[in-house]
Amino acid sequence: MERSFAKEVQSLRKGDGELFEGEGILAVTKAALQAGVSYVGGYQGSPVSHLVDVLSDAKDIMDEYGVHLEICANEAGAAAMLGASIQYPIRGLVTWKSTVGTNVASDALSNLGSVGVKGGAVIVLGEDYGEGASIIQERSHAFAMKSTLWLVDPRPNLTTIVKMVEKSFELSEVSNQPVMLMLRILACHVQGRFTAKDNKHGEWSGNHKIKDPTYDLMKIALPPGTYDQEKHKWERRLPAAIDFIRKEKLNEVFAGDLDEVGIICQGGLYNTVLRSLDHVGLADLYGNSRVPIYCLNVTYPLVDDEITAFCAGKKHILVVEEGHPAYIENDVNVILRKADIQTKVHGKGPLPMAGQYTSDVVQTGIAKWIEEVKPTGADADTAHARVEYIGGLKTKAVGHLGNPVPGRPPTFCTGCPERPVFSAIKLMEKDVGKTHISCDIGCHTFSTLPPFNLGQTVLGYGLGLASSTGIAPNFDKRVISIMGDGGFWHNGLSTGVSSSLFNNNDSVLVIMKNGYTSATGWQWVPSTPKDGNFEESQMSMEDTLRGMGVKWMRKVRTYSVSKMVKTLAEAMTTAEKGLKVIIAESECMLAKQRRVKADRAAKLKAGKRATRERFGIDDDTCTGDHSCIRLSGCPSLTIKPNPDPLRTDPIAHVNTGCVGCGLCGEVAHAAILCPSFYKAEIIYNAGAFERLVARVRKAVIRPFMTREAIRLVEYQPGVIEEEAAARAA
């Protein structure tokens, strides 16, 4: 969910010696200001989407220091911003989600890596790898090696993160290469404190602008200059980077008394390693490890003599490196063999080949390693027993639950405007037949999960239409492609729409126009509505599509399921050839509720009339068929025991999470289901006439009500509580 940092960003003004408290993302921004950054930019994406939010909320502070903020259209645009540091000694920081974002930025990164930079150029990457990740499982290390970009992986505490951001600018300038600084999911949100420094004005900035342009042909990636640039990278830039890393002691060594063995770990995994050592009895709660640790805050390039010095005299080394291939483990092996040091290197084996290295995984791996190498002074049996004991506690916990916790796949939010579109597709397929659906990255990816199970491919952000061009000519029906408005502006417009029009493709494109890049935390896009009004958007998707030549285009309110079904059927069966675009328009429900709830709370506080819509199901009418649940999957639509003792099937029920979107009733109508749904309007601070009407209705209806019905009417769970909370706010 999106959050505001409007209050927290005021701490960015803290000066030398003051104590700064906050989370990792905020600390990165403070470090950039302390380093004298001149421009910042990026594209939202978990887990660094909040960094874009922080930068936006801190725009006033940025303006004071002449720092330009650019909310980029995609990651390629963000990477291209660093071109400012190629010819000029100005510092820039950009951010995006890795590795999918780095894929998009790869072209610009290759050019940056070849020509090099004068000013410090830092890329903050959200390393989205492991159990909490939302993307394909790859690592940034390969990109760093491919484009010769130095890769920083700081220990996850604010002091180290801030230091490494500042040193990354210096490292970039000393070696004339961009630096990638990656933050894992937990590091982005780690809470802590550090001693602040004064913010710096950049040498050149919006407050002190460059007067004359600089020209250097060697800063252009054009043969034959590229051949010299390649030599320069390895003969000048790499040695300079290694010297700086060594001199500034960016990597850290933590001593231990078990000097026969040692652990080399990525900086981002240091806390996990230390916690795991504590679990197996080889470290204490204060961070003192009995096993010596070489912590790589810079994972690329490696410093050979630091590694040889750490390993000299040791019999065994464990390399804790998340993911595969084992780049660091393989390099450590090569470095030691070249130096004729025969320390045995362990890594993948005791530790798994792939997957997130959680404390459970690492402690199990360390215990196996200790059992295998049996270092003097360490009790392998104790290590093994502790791991077994912790595992036993988990087994007991599952036993107390009775059954394993059921899986809970991600799904659309309650009232999401995209959910009814997929309900409509399911209904349309009953008449037209099933077809191939090319999905896209975003909230709509959840359509591939139950209860919809729609979609055969997902290839990338904004690539829904582009990914259908191979199957469309070979399928006996028109295929449907899905694209969000975030993906549309990201690259779907160029790679999908323009290509489809140019090639005269005959297919159907459904654009989910909810007004925001919702899946990454609710950020604005060019077509974001103003106070819920799409007509006042800064840019028009419809005008853009018409300008490109789209002739068949329909706009449908997403919650109008019946109309959406008819429009989809028309697009699938019309004799008209070419691209057919359906714009499914309704504002993101999270955005709408933030606005509506705030407005309602303000009215209640002022004693004014306010309303709230809710939907419900008539217990007597519901048959317990549950088709409504299967067709919508709304989280607020659930089941409850049947009040009729003669009927055993549970009936459908709308819980208090309902936001009044009306999808359940719309689906029931479109699918010609039972008429059990009803709509109720809850009125706060009702007028005299409304109260009179309510009393008359109550007097007429009450004699026909059961005791249970009367009890439910007089106390509606959630309603009274919400009204009280709104008044308090």
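Residues numbered from 1 in each chain as written. Predicted model: local features only at pLDDT ≥ 70, side-chain atom pairs only at ≥ 80, totals over all residues. Heavy atoms only, no water.

Participant: What am I meant to see in the overall build of the chain here?
Facilitator: Check the secondary structure of the chain and you find 25 helices and 26 strands. Taking 729 residues into account, the globule formula puts the C-alpha radius of gyration at 27 Å, and the chain, at 30 Å, falls close to it. Every one of the 729 residues in the chain was classed for burial, and the buried ones make up 52%. Across the chain, the fraction of contacts at a sequence separation of at least 24, relative to all contacts at a separation of at least 6, is 77%. For the chain, the separation between the mean place of its 82 positive charges and that of its 83 negative charges on side chains is 5 Å. (Helix = DSSP H or I, 4+ residues; strand = E, 2+ residues; numbered from the N terminus. Rg over C-alpha atoms; globule rule 2.2 N^0.38 Å. Buried < 20%, exposed > 50% of the residue type's maximum accessible area, 1.4 Å probe, protein only. Contact = heavy atoms within 4.5 Å. Lys, Arg positive; Asp, Glu negative; His and termini not counted. Charge placed at Lys NZ, Arg CZ, Asp CG, Glu CD.)

Participant: Looking at this structure, I do not really get the domain arrangement of the chain. What am I missing?
Facilitator: A common measure of how large an interface is: the accessible area buried when the components associate. Looking at the chain, the domain boundaries give domain 1 (8-246), domain 2 (252-401), domain 3 (419-591) and domain 4 (609-704). Between the C-alpha centres of domain 1 and domain 3 the distance comes to 34 Å. Contacts between domain 1 and domain 3 engage nine residues on the former and seven residues on the latter. The junction of domain 1 with domain 3 conceals about 630 Å² of combined surface from both sides, 46% of it contributed by carbon and sulfur atoms. Where domain 1 meets domain 3, there are zero salt bridges. Here domain 1 is connected to domain 3 by five residue pairs in polar contact (both at pLDDT 80 or more). Looking at the side of domain 1 that touches domain 3 residue by residue, the class counts come to three nonpolar, four polar and two charged. (Domains from an automatic or database assignment. Buried area = accessible area lost by both parts, 1.4 Å probe. Salt bridge = Lys/Arg side-chain N within 4 Å of Asp/Glu carboxyl O. Polar contact = N/O pair within 3.5 Å; in protein donor to acceptor, adjacent residues only side chain to side chain. Nonpolar A, V, L, I, M, F, W, Y, C, P; charged D, E, K, R; others polar.)

Participant: What should I look at first to understand the packing of aromatic side chains in this one?
Facilitator: Aromatic rings considered in pairs are described by the distance between their centres and by the relative angle of their planes. Tallying each qualifying case throughout the model produces ten aromatic pairs. Both rings, one in Y43 and one in Y461, keep their centres 6.2 Å apart while their planes meet at 55°; by these two values the pair is tilted. Of this pair, Y43 sits in the loop between β2 (39-42) and α2 (49-57) while Y461 sits in the loop between β16 (457-458) and β17 (480-484), and the two are 418 residues apart along the sequence. We note that Y43, like Y461, is buried. Residues F488 and W489 carry aromatic rings whose centres are separated by 4.9 Å and whose planes lie at 85° to one another, so their mutual orientation is edge-to-face. Under the relative-accessibility criterion, F488 is labelled buried at 0%. Through a chain of ring-to-ring contacts, three or more aromatic side chains come together here, namely F412, F422, F446 and F452. The ring of Y270 carries R155 above its face, with NZ or CZ at 5.0 Å from the centroid. (Phe/Tyr/Trp six-rings, centres within 6.5 Å; stacked < 30°, edge-to-face > 60°. Lys NZ or Arg CZ within 6 Å of the ring centre and 35° of its normal.)

Participant: Sorry, what's going on with the sheet that holds strand β11 (residues 293-296) here?
Facilitator: Hydrogen bonding along the main chain pairs the strands of a sheet, whether they run parallel or antiparallel. The strand order across the open sheet formed by five strands is β9-β11-β10-β13-β14, and the pairing between neighbours is mixed. At either margin of the open sheet sits one strand with a lone partner, and together these are β9 (252-254) and β14 (344-346). Across the sheet, the mean angle separating the axes of adjacent strands is 20° when strand polarity is ignored. Pairing of β9 with β11, which is carried by three bridges, proceeds in the antiparallel orientation. Following the sheet pairing, E252 is matched in β11 by C295. Packing against the sheet, helix α13 (residues 327-338) makes contact with β10 (261-266), β11, β13 (316-320) and β14, and its axis sits at approximately 180° to β14. (Pairing = 2+ DSSP bridges. Axes fitted to C-alpha atoms, helices over the stretch in contact; angles between N-to-C directions.)

Participant: Teacher, can you tell me more about the sheet that holds β17 here?
Facilitator: Taken in spatial order, the six strands line up as β16-β15-β17-β18-β22-β21 in an open sheet, and their pairing is parallel. Edge positions in the open sheet fall to β16 and β21 (552-557), since each of these has one partner strand only. Here helix α19 (residues 561-573) sits on the sheet and contacts β17, β18 (508-513), β21 and β22 (580-585); the angle it forms with β21, its principal contact strand, is near 165°.

Participant: Is there a simple way to explain the nonpolar core in this structure?
Facilitator: One recurring pattern in soluble globular proteins: nonpolar side chains tend to sit buried together. Judged by nonpolar contacts, the single largest core of 78 residues is most densely connected at L93, W96, L109, I123, V124, M180 and L183. Both domain 1 (8-246) and domain 2 (252-401) contribute no fewer than three residues apiece to this core. Excluding residues within four positions of it along the chain, L93 makes contact with A32, V37, Y39, V40, G41, V122, V124 and F169. Counting 33 residues, the second-largest nonpolar core is a separate cluster that includes F412, Y559, L568 and C661. (Core = buried A, V, L, I, M, F, W, Y, C linked by side-chain atoms within 4.5 Å.)

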